[in-house]
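# Understanding the architecture of this molecule
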Amino acid sequence: QLLATEPALSKPKPQHVPAATSTVAAAPVTASASPVFQCQLAIWAVDDLLVLADMPRLDNSQQQLLRNILQAIGRNHPSLPDVKQFSWPILQRKDRSLEAARDHFQGMLDGGLLQKGLRQVLCFGSTSATLLATDDGAEPATQYKDWPVTTVCALHEMLADPSRKAGTWRALQVLVRT
């Protein structure tokens, strides 16, 4: 299937962050003896599904792949809903650790981003699942509150290595609606 092109939902803005950058880092980066966790996520609510995607940058091909995947699992929308973003670290926060990022992200979800009717979480990339985890372990979440979490590889990883699409499709079968 050919990928259509559309304008990008958002263009990343360069940020000057002391001892860190605004790119995805699955593991903490050490800066000045304190760990700094870094990530950028795109967030959509699609029907009953909260979609979280690791995004160093979200381009047209990633958006088209996401639309195709959502259509294949029964969430038929001609276009993606408005995207929300989560970026870490936040300059105003002294604590830039994974634990601080997790607290902030979960607070954002619990404070209104979780809408009535959402029942499942789909994570493209492990960073978002790590932020949903309830402990300090390295294991990504398989459950957030009462919601099952399905984690597959990041959209940009599937585009860079198309052989990853088969494993992703198998993992997505639990979300297929007819």
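Residues numbered from 1 in each chain as written. Predicted model: local features only at pLDDT ≥ 70, side-chain atom pairs only at ≥ 80, totals over all residues. Heavy atoms only, no water.

### Considering the packing of aromatic side chains
Note the threshold: What counts as a ring pair is set by centres within 6.5 Å for rings of Phe, Tyr and Trp (its six-membered ring), and what kind of pair is set by the plane angle: stacked under 30 degrees, edge-to-face over 60, tilted for all other angles.
Overall, the coordinates contain two aromatic pairs when judged by the stated rule. By the ring-pair criterion, three or more aromatic residues cluster together here, those being F86, W88 and F105.

### Examining unusual backbone geometry
As a reminder, the rule being used: Counting from the N terminus, the helices are DSSP H or I runs at least four residues long and the strands are E runs at least two residues long.
With omega at 15°, the peptide bond leading from W88 into P89 counts as cis. Counting through the fold element by element, P89 comes out in the loop between strand 5 (84–88) and helix 2 (98–113). If you check the backbone angles, D47 has positive phi at about 55° while not being a glycine. Within the secondary structure, D47 is located in the loop between strand 3 (39–46) and strand 4 (49–54). Positive phi, close to 55°, is recorded for K145, a residue that is not glycine. Tracing the chain through its elements places K145 in the loop between strand 7 (143–144) and strand 8 (147–152).

### What about empty space enclosed by the protein?
Picture a little ball the size of a water molecule; that probe, rolled over the atoms, points out where space is still empty. Applicable threshold: Think of a 1 Å grid over the protein atoms and nothing else: a 1.4 Å probe that fits but is trapped marks a cavity, an open set flanked by protein within 12 Å on at least five of seven lines marks a pocket, and residues with an atom within 4 Å of a point count as lining. Grid points are joined across faces, edges and corners, and a volume is the space filled by probe spheres set on the points.
Enumeration over the complete set of coordinates arrives at two cavities of 30 Å³ or more. Looking at the largest cavity, its volume works out to about 40 Å³. What lines the largest cavity is V46, R67, L70, R75, H77, S79, L80 and P81.

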